[in-house]
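# Residue-level structural notes
Now for the letters of each chain:
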Amino acid sequence: MAGDFVSGSDACRTCDLCERDNIYVLPHERMLVKHDGGSDNVPLVEFSGVAFIAKSTAYCPFYSTASHRCGIYEHRPFACRIYPLDVILHVEQGVENLWWVVHDTCPITQHLLSEGRKDFFLEWAARFERLMDDHLGEAFRRQDRAARGLEFLFRTPLKYTPIKPFVPAIEG
Ligand code: SF4
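This section reports on the structure supplied with the text. (Residues numbered from 1 in each chain as written. Predicted model: local features only at pLDDT ≥ 70, side-chain atom pairs only at ≥ 80, totals over all residues.)

Strands pair in a sheet through their backbones, by hydrogen bonds, and they do so in one of two ways: parallel or antiparallel. Within the open sheet, the 3 strands sit side by side as 1-3-2. Their pairing is antiparallel. Of all the strands in the sheet, just strand 1 (24-25) and strand 2 (44-47) have a single pairing partner and so form its edges. (Pairing = 2+ DSSP bridges. Helix = DSSP H or I, 4+ residues; strand = E, 2+ residues; numbered from the N terminus.)

Structural data, given as structure tokens:
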């Protein structure tokens with residue numbers, strides 16, 4: 001599910017770690033996912049008012065382990081489009097705020113950070129942010145709280161590197 005901004009990486013051809021993650025679906029994305037899923041039985045599960053793609057195996061149900069492709073690629077959720085970037089609640093100097101982070105388990109993250117390329121993620125976070133508004137910030141806040149309240153969803157503890165505070169450019 002790596003975003004287009006990192007697609008083409010050799011790492012993605014052999015790695016499927018992100019396809020095992022729990023994918024949140026933002027409020028305006030629910031209908032898209034339902035449409036592509038083809039029926040009302042689309043695998044969404046809701047916790048604390050936040051929707052996640054439900055899984056019956058280790059993988060996202062839209063992921064083909066045979067072709068290594070996403071079945072809803074054109075309409076995949078925002079969480080997939082920005083991966084390995086993400087927006088979560090992060091505490092810095094005792095203050096909790098929304099931050100852009102990168103998931104450390106992703107080989108692309110490991111490769112770029114080992115080469116001192118944090119600026120790559122900084123630049124892309126800033127680009128995405130220019131298209132975002134306050135309402136999206138509230139959605140990120142809610143999804144992160146819901147996910148953390150459900151730690152049993154996660155097989156491994158969340159490991160990430162903070163990139164920059166989340167500052168949406170558009171006032172809602
Ligand atoms: S929706 Fe598509 S890109 Fe996102 S995790 Fe599922 S298979 Fe991967």
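On to the sheet that holds strand 8 (residues 160-165). Reading across the sheet, the 3 strands line up as 6-7-8 and stay open at both edges, with antiparallel pairing between neighbours. The outermost strands of the open sheet, each flanked by one partner alone, are strand 6 (85-92) and strand 8. Averaged over neighbouring strand pairs, the angle between their axes works out to 50° when direction is ignored. Pairing analysis gives 5 bridges linking strand 7 (residues 95-103) to strand 8, with the strands arranged antiparallel. When the sheet's bridge partners are listed, V102 is paired in strand 8 with T161. Those strands touched by helix 6 (residues 134-148) are strand 6 and strand 7, and its axis lies near 75° from that of strand 6. (Axes fitted to C-alpha atoms, helices over the stretch in contact; angles between N-to-C directions. Contact = placed C-beta atoms within 7 Å.)

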